[in-house]
Structures are given as structure tokens and as C-alpha cells.
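Okay, here's what each chain looks like letter by letter:
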Amino acid sequence: MQFLADNFPLLRDAFLTTLSLAVISGICALVLGTILVAMRVSPVGPLRALATFYVEVFRNTPLTVVFFFLAFGIYEIDLQFPSRFITAVAALSSYTAAFVCEALRSGINAVPPGQAEAARALGLDFGQTLRTVVLPQAFRTVVPPLGNVWIALAKNTSIAAGFAVTDLTAALQRLSNANADQLLLVFAAIVVGYLVITLPSAALIRIIERRVAIIR
Amino acid sequence: MTSVTSPAIGEPLVRLSGVNKWFGDLHVLQDVDLAIDRGEVVVVIGPSGSGKSTLCRTINRLESIEKGEISIDGVKLPDEGKQLARLRSDVGMVFQSFNLFAHKTILENVTLGPIKVRGKSKADAEKRARQLLERVGVSAQADKYPAQLSGGQQQRVAIARALAMDPKVMLFDEPTSALDPEMINEVLDVMISLARDGMTMIVVTHEMGFARKAANRVVFMDGGRIVESSDPETFFTNPTSDRAKDFLSKILNH
């Protein structure tokens with residue numbers, strides 16, 4: 001226990017880094033994924049094609065490769081993110097946005113077509129129909145799959161450890177290298193750190209799900 | 001004082017000329033010509049698959065057409081975009097399956113169009129919505145959600161929702177076909193009172209009683225064509241085409 005107390009500042013900072021990576025990337029991914037899905041269902045062909053291309057590229061590329069590209073690949077085109085943390089956020093959100101987009105699209109497809117038809121018949125344009133009628137209903141049906149995306153994202157943040165961000169996984173490496181005798185304790189502390197993020201999320205998702213359910 | 005853009009009285013409000021539509025190889029609308037005057041109530045009947053619902057849906061371009069022209073109040077139906085949205089706001093539509101917005105209350109269903117499309121204030125839109133809900137007899141349900149209402153109530157709300165836009169013409173696409181028999185009349189009564197108030201209506205229906213009571217004209221369709229078009233009395237007592245005679249003998253003689 002003394003060991004944990006000694007290393008508390010490192011563990012706390014690492015936990016906060018993991019948490020903020022997940023939360024900030026989650027918000028960015030939600031915004032980007034919503035824009036992408038609007039493009040994917042829009043009546044404009046080129047927008048649909050662009051969004052489909054994005055989703056297929058990011059969904060089918062290993063996250064580590066996305067990290068590599070954003071950390072080093074973009075030097076080639078004379079670009080660089082201001083910090084390693086921001087690089088990690090960019091990689092996590094651009095990758096996760098593809099999954100958010102697909103989760104939302106399944107939700108949009110679950111909204112009966114008559115809903116959008118009724119909105120269009122009232123004179124709402126495409127954007128208004130999407131914003132006021134289709135997306136609010138789609139979001140409600142995708143709470144469980146979006147919850148899965150969120151939990152996957154929370155765990156995917158660990159790849160940032162490989163790119164010099166001191167998150168929980170990086171703390172695990174550092175502490176276990178220096179304290180081989182305390183290995184189990186280090187593991188337990190790190191796992192608890194992740195569980196503190198993911199377990200309450202699962203509970204929260206269930207509560208949101210019940211709250212926003214639509215009776216049909 | 002009439003405005004310059006508004007056509008003279010007597011000009012048809014809705015005009016379809018040479019309208020053709022295909023679903024793949026299926027020629028669902030074939031050279032359809034139809035003109036509907038202001039205040040006219042036209043009932044479209046015909047066997048299933050005759051294209052009557054498709055015809056109704058082309059008038060506000062929920063279905064596009066491949067050939068021909070449709071104009072409303074002298075304005076040709078635009079392709080996609082803001083102009084189409086504006087034109088649709090003048091054409092009320094009532095669907096077979098009601099299509100009330102499931103995540104909004106009854107009152108919000110009726111105020112959505114006026115607020116988002118007409119730019120009305122929430123207070124004005126709500127005041128008008130309550131009047132309309134009163135008129136169709138569901139004012140007590142204003143704060144409930146659609147799923148909490150019976151089918152007949154939902155369809156009456158759908159009529160109020162369309163009326164809230166002050167449409168020039170109302171389209172009814174089999175408005176009573178999804179209803180339990182005991183709820184059909186409450187919806188028909190609302191429609192009959194609308195017709196009496198002078199609303200221009202195009203009604204696709206199997207309700208012959210409504211056609212007799214409220215229609216100025218009955219249009220009989222078969223195989224994507226308008227086969228016969230006459231006043232209800234003539235149509236029901238003395239149809240000219242064999243196809244209409246056959247259809248009527250099947251639905252009226254039991």
C-alpha cells in the first residue's frame with residue numbers, strides 16, 4: 001500500500017490523462033461522426049461518396065497506424081500537431097468518428113421512412129428534417145451501440161502510451177519496469193483506473209437508454 | 001386587388017399534364033392529365049396497384065416523375081431544394097400510417113411546421129394549434145405522445161398538423177385504410193367538414209360513402225391510367241367504362 005501511496009501523483013495524473021483523452025476524443029468523435037452521417041444520408045452524391053470513403057478508410061485501418069500517420073506521417077506534408085496529447089486526441093477522434101457515423105446510420109435506418117416523409121411534406125428542408133425529426137429519434141435508438149463505441153474508445157486511449165503520452169498504460173509500463181516485485185499491485189491499480197471510467201459509463205448508458213426511449 | 005403572380009380565379013389550382021412514372025420496368029402512371037379547381041374535392045378510387053397513391057404522392061413530389069408536368073397554383077413543381085420545400089409547405093398531406101413525429105407531443109407535432117417553416121412564434125403557433133386540435137376533437141390529448149392515442153385520434157392530429165400550415169390544397173393518401181372500423185367515421189367526419197368549408201382536397205380512398213357525400217368528382221384509375229372522371233352520382237349509378245362497372249359491382253354488391 002505504501003508503494004501505491006508513493007506513486008499516487010503519477011497514477012493520478014495518468015488517470016486524468018486517460019480520462020481527458022477519452023472524454024475530449026469522445027466529444028470530437030461525436031461531432032465529427034454526426035457531420036459524417038449527415039453527409040452519408042444527404043441527397044448530394046459527392047458528399048455521400050466522401051463520407052463513405054472516410055468511414056471505410058478509418059474503420060478498416062488499425063488505430064496504431066492512424067496514430068503513426070498523425071504522429072510522424074504528416075511531417076511529410078509539413079504538418080505537426082502542437083502537442084503529443086493533441087496528436088492522440090486527433091487520432092482517437094478521427095478513428096472513432098467512423099464508428100460513431102456507422103452507429104448513427106443504423107439508428108437513422110431504424111427511423112421509419114414515414115417520419116422523414118411527413119417532415120418533408122410539411123415543407124422542412126433536408127437539414128431541418130434531419131435535425132428536428134430524424135436525428136433526435138436516431139440518437140435514442142443508438143444509445144446502446146454508441147455506448148459500445150465509447151467503451152472501446154476509453155480502452156483504445158491506451159495506444160497513446162506508445163506515442164509518448166503518459167496515460168494509465170504508460171504508467172503501467174513505467175511502474176512495472178521499476179518495480180518488478182510489485183507487478184500484481186501495479187496491474188490492479190491500472191485496471192481499477194480503467195474500470196473507474198468504463199463501469200460507471202455502462203450504468204449511465206442504461207439510465208440514458210431508459211430516459212430517452214420513445215414509445216412507438 | 002389581386003397580386004400579379006396569382007392566376008385568375010377559374011385557373012386550376014393543381015394541374016397534371018402528361019404525367020408518366022416508372023418503378024423500374026413498371027409503368028405506374030401513364031399519360032395522366034388532371035386539373036383540380038379551387039375548392040374542388042376530388043376522390044381517386046381504383047383497384048390496388050392502379051397508381052392512385054403514387055398519383056397522390058407525385059403532387060408534392062414525394063415521388064418524382066419521369067415525364068410530364070405538375071403545377072400548383074400556376075407554379076411548376078421544382079426539383080429538389082428550398083423551392084420545393086416552400087411549395088410543399090402549401091400542400092397538406094395526410095398519410096395512411098399517420099406518420100406523427102414519435103418523439104414529439106401532439107401539440108409539438110402541430111406547431112413544428114409553423115415554427116420551423118413559417119417562422120411563427122411559439123406562442124402564436126401553439127394558440128393556433130390548440131384551436132385546430134379543438135376543431136378535430138383531440139384538444140384533451142395535446143400533451144400526450146402519438147403512441148398514447150388511438151389510430152383515429154392520431155389521424156385527426158395528422159389532419160390538424162397539415163391544416164396548421166394553411167395549405168392551399170390537402171392530399172389524403174388512404175387516410176382511413178389503417179384504422180379500425182369503429183374509428184373510420186370520426187376521421188371521415190373531420191374530412192367532410194373540411195370539404196364543406198371549401199378546402200381543395202384530393203382524396204385517395206376506398207370509402208364510397210365519403211365519395212358520395214363530399215366529392216365533386218370521382219376519378220377512377222386502373223393500370224396507371226385515369227379511366228373515368230365524373231361526378232359521384234353519374235359514376236356510381238351510370239359508369240361508362242367496363243372496368244369501372246366491374247370494380248363497382250365487386251365493391252358495392254355485398
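Here is what the cut-offs are and how they apply
For every chain, the first residue of the written sequence is number 1, and numbering continues from 1 onward in sequence order. Throughout, the order in which chains and ligands are written sets their labels, letters from A for the former and numbers from 1 for the latter. Thresholds applied to this predicted model are a pLDDT of at least 70 for local features of residues and 80 or more for the giving and counting of side-chain atom pairs; totals over whole chains, interfaces and linings are not thresholded and use all residues. The side-chain quantities take in all heavy atoms of the structure and omit both hydrogens and water. A helix here means a DSSP run of H or I that spans at least four residues, while a strand means a run of E at least two residues long, and both kinds are numbered starting from the N terminus. Here the globule rule reads 2.2 Å times residues to the power 0.38, and the radius of gyration is calculated from C-alpha atoms. Burial status follows relative accessibility: with a 1.4 Å probe on protein chains alone, a residue under 20% of its type maximum counts as buried, one over 50% as exposed, and anything between as partly exposed. By the convention used here, residues are in contact when the closest approach between their heavy atoms is within 4.5 Å. Using the Shrake-Rupley algorithm and a 1.4 Å probe, accessible areas are obtained, with residue cover drawn only from the displayed protein chains. Counted charges follow a simple rule, with Lys and Arg positive, Asp and Glu negative, and His plus the chain ends left uncounted. Every charge is mapped onto a representative atom, which is NZ of Lys, CZ of Arg, CG of Asp or CD of Glu. Two parts lose some accessible area (1.4 Å probe) when they are put together, and adding that loss for both gives the buried area. Take a side-chain nitrogen of Lys or Arg and a carboxyl oxygen of Asp or Glu: if they are within 4 Å of each other, that pair is a salt bridge. The pairing test for Phe, Tyr and Trp rings, Trp by its six-membered ring, is centres within 6.5 Å, and the orientation test on the planes gives stacked under 30 degrees, edge-to-face over 60, and tilted for anything in between. Surface patches are drawn from residues lacking salt bridges whose relative accessible area is over 30%; two like charges belong together within 9 Å, two nonpolar side chains (Val, Leu, Ile, Met, Phe, Trp, Tyr) within 5 Å. The criterion for strand pairing is that DSSP finds at least two bridges linking the strands in question. Here, axes are lines fitted to C-alpha atoms. For helices the fit covers the stretch in contact, and angles between N-to-C directions go from 0 to 180 degrees. Should an angle lie under 35 degrees it is considered roughly parallel, over 145 roughly antiparallel, and from 65 to 115 roughly perpendicular; all remaining angles are considered oblique. Each crossing gets its hand from how the near helix is turned against the far one by less than a right angle, where anticlockwise is left-handed and clockwise is right-handed. Here the nonpolar core consists of buried residues drawn from Ala, Val, Leu, Ile, Met, Phe, Trp, Tyr and Cys, with membership extended through side-chain atoms lying within 4.5 Å. Values of pLDDT, which run from 0 to 100, indicate the predictor's confidence residue by residue.

Caption draft 1: Molecular detail of the overall build of chain B. Scanning chain B for helices and strands turns up nine helices and 10 strands. Relative to the 2.2 N^0.38 estimate, which gives 18 Å for 254 residues, the radius of gyration of chain B is 18 Å and therefore close to what a compact globule would have. For chain B, the spread of C-alpha atoms along the principal axes amounts to about 55 × 50 × 40 Å. The buried share of chain B, taken over its 254 residues, is 55%. Of the contacts formed within chain B by residues at least 6 apart in sequence, a portion of 66% connects residues at least 24 apart. For chain B, the accessible surface area stands at approximately 11300 Å², while carbon and sulfur atoms represent 46% of it. If the 32 positive side-chain charges of chain B are averaged to one point and the 33 negative ones to another, these points end up 5 Å apart.

Caption draft 2: Region of interest: the interface of chain A and chain B. Every contact between the two is made by 20 residues of chain A and, on the other side, 24 residues of chain B. Summing the contributions of chain A and of chain B, the shared interface buries around 2000 Å²; its carbon and sulfur component is 64%. Linking chain A with chain B are two salt bridges, by the criterion used here. In this structure, the salt-bridge partner of Asp-125 of chain A is Lys-82 of chain B, at a minimum N-O distance of 2.6 Å.

Caption draft 3: Local environment of the pattern of salt bridges. All names here are of chain B. Evaluated as defined, the whole model comprises 22 salt bridges over all chains. With a shortest N-O distance of 3.4 Å, Glu-126 and Lys-122 are connected by a salt bridge. Placement of both Glu-126 and Lys-122 in helix α4 (residues 122-135) is noted, with a separation of four residues, approximately one turn of the helix. In this structure Glu-126 comes out as partly exposed when scored by relative accessible area, which is 23%. A residue is classified by how much of its surface remains accessible, and Lys-122, at 56% relative accessible area, is exposed. Here Arg-243 and Asp-222 are joined by a salt bridge, their closest N and O atoms 2.8 Å apart.

Caption draft 4: How the structure looks around the packing of aromatic side chains. For the structure shown, the criterion picks out nine aromatic pairs over all chains. Judged by centre distance (5.1 Å) and plane angle (20 degrees), the rings of Phe-67 of chain A and Phe-163 of chain A are stacked. Linking Phe-67 of chain A in helix α4 (residues 63-71) with Phe-163 of chain A in the loop between α8 (143-156) and α9 (168-178), this pair joins segments that are 96 residues apart in sequence. Of the two residues examined, Phe-67 of chain A and Phe-163 of chain A, each falls in the buried class. For the ring pair Phe-220 of chain B and Phe-235 of chain B, a centre distance of 6.0 Å and an interplane angle of 35 degrees mean the geometry is tilted. Highlighted residues: Phe-220 of chain B in strand β9 (residues 217-222) and Phe-235 of chain B in helix α8 (residues 232-237), separated in sequence by 15 residues. Each of the two residues, Phe-220 of chain B as well as Phe-235 of chain B, counts as buried.

Caption draft 5: A look at a nonpolar patch on the surface. The grouping of Val-23, Ile-27, Val-31 and Ile-35 of chain A at the surface amounts to a nonpolar patch, some 340 Å² of accessible area in total. Relative to the helices and strands, Val-23 of chain A is located in helix α2 (residues 8-40).

Caption draft 6: Representation of the environment of Phe-187 of chain A within the structure. Residue and element names in this part refer to chain A. Here Phe-187 lies in helix α10 (residues 183-212). Assessed through its relative accessible area of 41%, Phe-187 is described here as partly exposed. As a C-alpha pair, Phe-187 and Ser-176 span 11 residues in sequence and 8.2 Å in three-dimensional space.

Caption draft 7: View of the sheet that holds strand β5 (residues 75-76) of chain B. Residues and elements named next belong to chain B. The strand order across the open sheet formed by four strands is β2-β1-β4-β5, and the pairing between neighbours is antiparallel. The sheet is open, and its two edges are formed by β2 (26-36) and β5, each paired on a single side. In terms of strand pairing, strand β4 (residues 67-72) meets β5 through two bridges, oriented antiparallel. Bridging across to β5, Ile-72 finds its partner in Val-75.

Caption draft 8: Looking closely at the sheet that holds strand β7 (residues 169-173) of chain B. All names here are of chain B. Strand order in the open sheet formed by six strands is β6-β7-β8-β3-β9-β10, with mixed pairing between adjacent strands. Two strands in the sheet have a free side with no partner beyond their single neighbour: β6 (91-94) and β10 (225-230). On average, each strand axis in the sheet is inclined to that of its neighbour by 20 degrees, with strand direction left out of account. Contacts from helix α9 (residues 242-252) reach β3 (41-45), β9 and β10, with the element oriented near 100 degrees to β9.

Caption draft 9: Quick peek at the packing of helix α3 (residues 106-116) of chain B against α4 of chain B. All names here are of chain B. The N-to-C vectors of α3 and α4 enclose an angle of 125 degrees; their axes lie 9 Å apart at closest approach. With respect to their mutual orientation, α3 and α4 come out oblique. Viewed along their axes, α3 and α4 form a crossing whose handedness is right-handed. For the pair formed by α3 and α4, the contact residues are Ile-106, Leu-107, Val-110, Thr-111, Pro-114 and Ile-115 on the first element and Lys-122, Ala-125, Glu-126, Ala-129, Arg-130 and Leu-133 on the second.

Caption draft 10: Up close: the nonpolar core. In terms of nonpolar packing, the biggest core is built from 50 residues, with Leu-133, Ile-159, Met-170, Phe-172, Met-191, Met-201 and Phe-210 of chain B touching the most fellow members. A total of nine residues in this core trace back to one element, the largest contributor, which is helix α6 (residues 181-196) of chain B. With near-sequence residues (within four places) excluded, Ile-159 of chain B lies in contact with Val-94, Met-170, Phe-172, Val-187, Val-190, Met-191 and Leu-194 of chain B. Membership of the second largest hydrophobic core comes to 40 residues, among which are Ile-108, Val-111, Ala-138 and Val-142 of chain A.

Caption draft 11: Expanded view of the confidence of the model for chain B. Residues and elements named next belong to chain B. Mean pLDDT over chain B stands at 90; residues scoring 70 or higher make up 95%. Counting interchain partners and residues more than four positions distant, the pLDDT-below-50 stretch residues 1-8 has three contacts. Overall fold confidence (pTM) sits at 0.81, and the ipTM for the predicted complex is 0.88.

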